[in-house]
Amino acid sequence: MDLEFLLAGTEDTVHAAAQALLAADAQALERSSELLRSAAGALAQILGQPGSLPLTEDQSQRLRALSARLVQVRDQLARVTALTNSQAASVLPSTEKATYGSSAGGGARIYRALG
């Protein structure tokens, strides 16, 4: 696979993921994150091969910029995930107590109908 093509595709995918985060578009973010995962794997495979061609100065600069941008998108995604978890916790009941199993209250309670 051509490194130039792979770099351009990965740059576009990182940009799409950043735009999806800004727009709060969960479906687009899911699609772009899957593409990012596969593009990052392909980049790692190509660059990690023994005897791979040396990078040009332009390719090295693009890889550094891509790495920095990817870190930013990952950090933004972590913040959005923490915010989403916090919002969900305020709406959904806590799951701390087990329905079955040991509990701090001791033995089982027997309820009888009145009357």
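Since the model is a prediction, treat every value here as computed from it, not as a measurement.

### So, the overall build of the protein chain
The helix and strand inventory of the protein chain stands at three helices and zero strands. Sorting the 115 residues of the protein chain into buried and exposed places 21% on the buried side. Long-range pairs, those at least 24 residues apart, make up 67% of the contacts in the protein chain between residues at least 6 apart in sequence. As displayed, the protein chain has an accessible area near 9,200 Å², and 58% of this comes from carbon and sulfur atoms.

### Focus on the nonpolar core
Leu-7, Leu-43 and Val-73 are the most contacted members of the largest nonpolar core, which has 17 residues in total. Contributing elements (two or more residues each) for this core: α1 (3–23), α2 (26–47) and α3 (57–91). Broken down by element, the residue count for this core peaks at eight residues, all from α1. Setting aside residues up to four positions removed in sequence, Leu-43 forms contacts with Leu-3, Leu-6, Leu-7, Thr-10, Leu-63 and Leu-66.

### Comments concerning the side chain of Gln-59
If you trace the backbone, Gln-59 turns up in helix α3. Under the relative-accessibility criterion, Gln-59 is labelled buried at 12%.

### Considerations on α2
Compared with an ideal rise of 1.5 Å per residue, which puts 22 residues at 32 Å, α2 spans 31 Å between its outermost C-alpha atoms and is within 8% of the ideal. Those residues of α2 hidden inside the fold are in contact with α1 and α3.

### Some remarks on the packing of α1 against α3
Contact geometry for α1 and α3: axes closest at 10 Å, N-to-C directions at 25 degrees. In this view, α1 runs roughly parallel relative to α3, as classed from their interaxial angle. Remark: the crossing between α1 and α3 carries left-handed chirality. Within the contact between the two elements, α1 uses Leu-3, Glu-4, Leu-7, Ala-8, Thr-10, Glu-11, Val-14, Ala-17, Ala-18 and Leu-21 and α3 uses Gln-59, Arg-62, Leu-63, Leu-66, Arg-69, Leu-70, Val-73, Gln-76, Leu-77 and Val-80. Looking at side-chain class alone, the contact of α1 with α3 contains 13 nonpolar, three polar and four charged residues.

### Examining the pattern of salt bridges
Enumeration according to the criterion identifies three salt bridges in this entry. We note a salt bridge from Glu-11 to Arg-62, for which the minimum N-O separation is 3.0 Å. Taken together, the residues span a long stretch of sequence, with Glu-11 in helix α1 and Arg-62 in helix α3 at a distance of 51 residues. Judged by its relative accessible area of 16%, Arg-62 is buried. Measuring nitrogen to oxygen at the nearest pair gives 3.5 Å for the salt bridge that ties Glu-57 to Arg-64.

### Comments concerning the confidence of the model for the protein chain
Averaged over every residue, the pLDDT of the protein chain is 77; residues scoring 70 or more account for 77%. The least confident element of the protein chain is α2, whose mean pLDDT is 78; the most confident is α3, at 85.

### Remarks on α1
In this model α1 runs 30 Å from its N-terminal to its C-terminal C-alpha over 21 residues, within 8% of the 30 Å that 1.5 Å per residue would give. Those residues of α1 lying buried are Leu-3, Leu-6, Leu-7, Thr-10, Thr-13, Val-14, Ala-17, Ala-18, Ala-20 and Leu-21. Buried residues along α1 cover an arc of 160 degrees about the axis, so they all sit on one side. When the buried face of α1 is taken as reference, the exposed residues oriented beyond 90 degrees from it are Phe-5, Asp-12, Leu-22 and Ala-23.

Calculation rules
- Residues numbered from 1 in each chain as written.
- Predicted model: local features only at pLDDT ≥ 70, side-chain atom pairs only at ≥ 80, totals over all residues.
- Heavy atoms only, no water.
- Helix = DSSP H or I, 4+ residues; strand = E, 2+ residues; numbered from the N terminus.
- Buried < 20%, exposed > 50% of the residue type's maximum accessible area, 1.4 Å probe, protein only.
- Contact = heavy atoms within 4.5 Å.
- Areas by Shrake-Rupley, 256 points an atom, 1.4 Å probe, with all protein chains shown as cover.
- Core = buried A, V, L, I, M, F, W, Y, C linked by side-chain atoms within 4.5 Å.
- Expected span 1.5 Å × (residues − 1).
- Axes fitted to C-alpha atoms, helices over the stretch in contact; angles between N-to-C directions.
- Parallel < 35°, antiparallel > 145°, perpendicular 65-115°, else oblique.
- Left-handed = near helix turned anticlockwise from the far one by under 90°.
- Nonpolar A, V, L, I, M, F, W, Y, C, P; charged D, E, K, R; others polar.
- Salt bridge = Lys/Arg side-chain N within 4 Å of Asp/Glu carboxyl O.
- pLDDT = per-residue confidence, 0-100.
- Arc of directions from axis to C-beta.

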